[in-house]
Amino acid sequence: MIVLGSTSEVAQAFVEKALQEGEKFERIYLFTSNRETTERFARHIDVKFLQQSEIIELDLTKNIDYSRFEQISSGLLFCATGYLGEGTEEGLYDNKNTERIIDINYAKLVPVINYFAHKFENRRSGTIIGLSSVAGERGRQSNFIYGSAKAAFTVYLSGLRNYLFDKKVHVLTVKPGFMATKMTEGLPLNPKLTATPKQAADCIFKAYKKQKNVAYVLPVWGIIMMIIRNIPEFIFKKLKL
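These figures come from a predicted structure and were not determined experimentally. Each chain carries its own residue numbering, running from 1 in the written order of its sequence. Predicted model: local features are reported for residues with pLDDT of at least 70 only, side-chain atom pairs are reported and counted for 80 or more only, and whole-chain, interface and lining totals are derived from all residues. Hydrogens and waters are ignored; side-chain quantities use all the structure's heavy atoms.

A. Just the packing of helix H1 (residues 9-20) against helix H2 (residues 35-49), in detail. Throughout, an axis means a line fitted to C-alpha atoms (over the contacting stretch in the case of helices), and angles, computed between N-to-C directions, take values from 0 to 180 degrees. Helix numbering and strand numbering both begin at the N terminus, where a helix is a DSSP run of H or I of at least 4 residues and a strand a DSSP run of E of at least 2. Running from N to C, H1 and H2 point in directions that differ by 15 degrees, and their axes come no closer than 12 Å. Considering their axes alone, H1 and H2 lie roughly parallel with respect to each other. The handedness of the crossing between H1 and H2 comes out as right-handed. For the pair H1 and H2, the contacting residues are Gln12, Val15, Glu16, Leu19 and Gln20 in the first and Phe41, His44, Ile45, Lys48 and Phe49 in the second. A per-class count over the contact of H1 with H2 returns five nonpolar, three polar and two charged. Roughly parallel means an angle under 35 degrees; roughly antiparallel means over 145; roughly perpendicular covers 65 to 115; every other angle is labelled oblique. We call a crossing left-handed when the near helix sits turned anticlockwise from the far one by less than a right angle, and right-handed when that turn is clockwise. The criterion used for residue contact is that any of the two residues' heavy atoms lie within 4.5 Å. Only Asp, Glu, Lys and Arg are considered charged, only Ala, Val, Leu, Ile, Met, Phe, Trp, Tyr, Cys and Pro nonpolar, and every remaining residue, Gly among them, polar.

This is the structure we're talking about:
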């Protein structure tokens, strides 16, 4: 398995879920920009599951040397890479904030996924799971920089799924709503609309096994976003969302 964003609590919970369910991996490649945190997780799955892993340092804000990935082979790619950044009010005119959000959530991430997608295509097998966001379904004043990057990522995954379908490669788009993770720590989240990493992992694993195309972690978010998408623009632009 290839894990992009392996410090993510959702990514780690998914790896554990897959191993608990008996999925077999010759090696798990843990891509990370935080080696220390990832080493702790690597030791954990080694002790608990006797699972071999390898840590690959990857910083999406820097130039990437793809030659380091030539020997990596896998049938499953799980992408939980994400960066929320500052909200619109705090960070809209901060170019470093904007560039970092766009690079990590889309611009520098897509070429990495493409690199491995090409390998999957040549082998005519595999699954790519990408964590996008409900924030990408409609631009809202509070976080539209982050939302625009996730909107682009959602469209990318949709097109990749269409392109790879007849190459026998499956692409699953996951749209979490509120998540109780380090990235959202301190935000005033409604507990009824907020999932834990374990809940997310269980949902994603089921969707992966059923080869679904799109999955909301909590089904209620599908209803919420349908309503938000259908609010007329002349009303929507006046809302404080």
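B. Local environment of the pairing of strand E6 (residues 170-175). Buried, partly exposed and exposed residues are distinguished by accessible area as a fraction of the type maximum, computed with a 1.4 Å probe on protein chains only: under 20%, between the cut-offs, and over 50%, respectively. With respect to burial, E6 is a largely interior element, six of its six residues being buried. Burial along E6 is two-sided: the residues His170, Leu172 and Val174 and Val171, Thr173 and Lys175 are all buried. Paired strands, in this sense, are two strands between which DSSP finds at least two bridges. Looking at chain direction, strand E5 (residues 127-131) and E6 are connected through five bridges and run parallel. The residue of E6 that forms the bridge with threonine 127 is histidine 170. Seen with its strands pointing away from the viewer, a crossover is right-handed if its path from the first strand over the helix to the second goes clockwise. Note that the unit made of E5, helix H6 (residues 144-164) and E6 has a crossover that is right-handed. As paired strands, E6 and strand E9 (residues 214-216) are joined by three bridges and run parallel to one another. Counted as the bridge partner of valine 174 is alanine 215 from E9.

Distances and angles like these do not, on their own, reveal function.
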